[in-house]
Amino acid sequence: MLTTILYIILVILILTTFYVVIRTIVFERSQGTVEKIEGIPVDEQQVAEHLAAAVRCQTVPLDEKGTPDPEAFQQLHKMLAETYPLVHEKLKRLVVNDYSLVYVWTGSRPDLEPVMLMAHQDVVSADPSTLAQWTYPPFEGRIVDGLIWGRGTLDIKNQLIGIMDAAEALLQQGYRPERTVLFGFGHDEETGGTNGCKVIGQLLKEKGIRLAGIVDEGGGITAGLAAGVRGPVALIGVSEKGYLTVEFTVNSQPGHSSTPPPQTSIGILSRALARLEAHPMPTHLRRLRPLYHGIGRAAPLFIQIPFANVWLFGPVLKRWLVPKPEMNASMRTTTALTIINGGVEDNTIPAEAKAIVNFRLLPGDTIAEVLWHVGKVIKDERVKFKPVEGKFNEALPVSPTNATAYKSLSQVIRQVFDNPPVAPFVMLGGTDCQHFVPVSDHIYRFTSVVMDESFRGLEHGIDERIPVEAMAKMVKFYAQLIQTWGTRDMTASKERSIE
Ligand SMILES: [Zn+2]
């Protein structure tokens with residue numbers, strides 16, 4: 001009897017191991033290597049000067065609503081016109097709402113759906129209290145020690161200049177795309193894009209134009225973003241998390257603190273908030289699978305095996321990933337308690353207590369589901385809650401990774417940057433892309449910069465800067481992408497279409 005049981009256990013163990021191995025083999029795969037390309041010749045110093053000149057245009061919003069500074073934008077537009085004469089001669093330039101720019105590079109096959117390359121012209125301001133900490137003033141556009149310094153060099157005037165320089169260089173070579181290529185440069189991304197890209201998106205929709213592919217700012221080529229993976233990975237954002245701010249209010253009988261009720265409005269609200277924090281929305285481990293699947297063999301085996309076998313290793317993976325804020329945020333709708341208010345006097349029981357909680361929705365979770373979850377967790381009718389007007393939007397649709405647009409973008413990244421593993425991820429923050437959901441199913445967020453540790457987190461921060469070399473590489477990347485996406489089938493063709 002005992003030997004039979006042992007025998008059965010042994011067989012189960014062998015079968016399970018076999019299954020785990022098979023699943024791992026099927027899951028992890030090598031992306032192979034693509035042939036490295038030299039790309040178009042780029043004058044590094046010249047490109048650096050272009051970016052520095054763009055940095056000197058202080059396209060900072062004048063207020064929280066994002067009111068643009070007319071002079072700064074006029075200066076930038078003038079700089080672009082002077083720096084890129086061929087682009088301004090051969091492409092159609094549309095000005096939307098005075099400041100946003102759309103360039104139309106009409107292809108030889110106007111029957112094909114256009115593609116669009118994007119960047120935003122606005123930058124965040126430099127906090128006056130930190131100015132003394134900058135090595136060089138944020139809007140001087142200095143080039144020192146092989147670095148271009150200043151606000152916007154990483155977010156995202158580098159992309160604006162990269163696209164423009166690539167286009168100018170291709171035009172010099174007499175290149176014309178088959179497929180129409182649009183450049184979309186909004187002017188108020190940092191404040192929501194409502195007067196810039198939202199309007200551009202609406203215009204495209206009204207004209208019935210659908211886009212075959214969009215690339216905007218997003219993931220770069222970075223190490224250390226996917227837990228457990230050491231080497232650099234190129235991350236393409238295929239979606240953006242949703243946004244939901246909820247206001248919580250508790251009203252109770254005001255009175256003197258000498259004779260308090262068992263619970264005041266502050267106590268009732270605090271209990272609700274503590275419960276919300278203790279019971280976040282559930283994790284969806286499987287949402288991380290495309291990321292690790294993309295990384296494939298570049299990930300160590302101890303990562304590949306559990307992700308290939310979430311059915312078996314799910315609980316272990318969860319325990320490992322939840323304490324890592326970025327990984328946690330990548331696999332669930334997060335809950336962040338951000339504002340609390342209540343009471344004015346130390347000896348008075350307040351009538352009202354209020355709090356604000358900010359949720360970031362994982363694609364797949366809806367605002368209605370989060371609100372239902374909140375009600376279920378709090379289970380207290382004394383706590384009233386409602387979304388704050390204008391402060392919510394659903395997560396964006398997930399763009400496919402088996403589409404030609406994604407595959408060829410991935411191919412170009414590997415050609416230009418020497419074969420990094422390329423993987424999809426969900427952007428934790430927002431971009432102008434949200435405004436193009438009605439006109440395209442293929443929206444990808446990728447910034448073609450290799451970022452080592454020293455450059456991480458400099459966007460919006462002190463001493464924002466980019467290596468001259470990285471800037472030149474960006475021009476090569478866009479030139480290659482235009483020539484790839486600009487073809488009829490959006491794949492790299494050897495035959496260049498020369499006008
Ligand atoms: Zn940006």
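Here's a quick rundown of the structure. (Residues numbered from 1 in each chain as written. Predicted model: local features only at pLDDT ≥ 70, side-chain atom pairs only at ≥ 80, totals over all residues. Heavy atoms only, no water.)

## Side note on the coordination of the zinc ion
Taken together, H120 (NE2), D155 (OD), E217 (OE) and E217 (OE) make up the protein donors of the zinc ion, found 1.9 to 2.7 Å from the metal. Here the donor residues for the zinc ion map to a single chain with the spacing H-x34-D-x61-E. In this pair, H120 is assigned in strand β3 (residues 115-120) and E217 in strand β7 (residues 213-222), connecting sequence segments 97 residues apart. A relative accessible area of 9% places E217 in the buried class. (Donors = N, O, S within 2.8 Å, 3.2 Å for Na, K, Ca; no water. Helix = DSSP H or I, 4+ residues; strand = E, 2+ residues; numbered from the N terminus. Buried < 20%, exposed > 50% of the residue type's maximum accessible area, 1.4 Å probe, protein only.)

## Comments concerning the sheet that holds strand β14 (residues 383-393)
With antiparallel pairing, the 4 strands of this open sheet are ordered in space as β11-β13-β9-β14. Edge positions in the sheet fall to β11 (334-342) and β14, since each has one partner strand and no second. For this sheet, the mean angle separating the axes of adjacent strands, direction not counted, is 20 degrees. Pairing of strand β9 (residues 242-251) with β14, which is carried by 7 bridges, proceeds in the antiparallel orientation. Among the inter-strand pairings, F248 is bridged to a residue of β14, identified as F385. Against the sheet, helix α7 (residues 265-278) contacts β9, β11, β13 (352-361) and β14, and its axis sits at roughly 15 degrees relative to β13. (Pairing = 2+ DSSP bridges. Axes fitted to C-alpha atoms, helices over the stretch in contact; angles between N-to-C directions. Contact = heavy atoms within 4.5 Å.)

## Looking at helix α9 (residues 301-308)
If you check which residues of α9 are buried, you get I303, Q304, P306, F307 and A308. Taken together, the buried residues of α9 touch α1 (2-27), α8 (289-295) and α10 (310-321).

## Some remarks on the state of the cysteines
Under the defined criterion, the tally for this structure stands at 0 disulfides. The cysteine C57 is free of any disulfide, with C197 supplying the nearest cysteine sulfur at 19 Å. Considering cysteine sulfurs only, C197 is the nearest to C433, which forms no disulfide, with 8.4 Å between them. Looking at C433, the relative accessible area reads 0%, which means it is buried. (Disulfide = S-S within 2.5 Å.)

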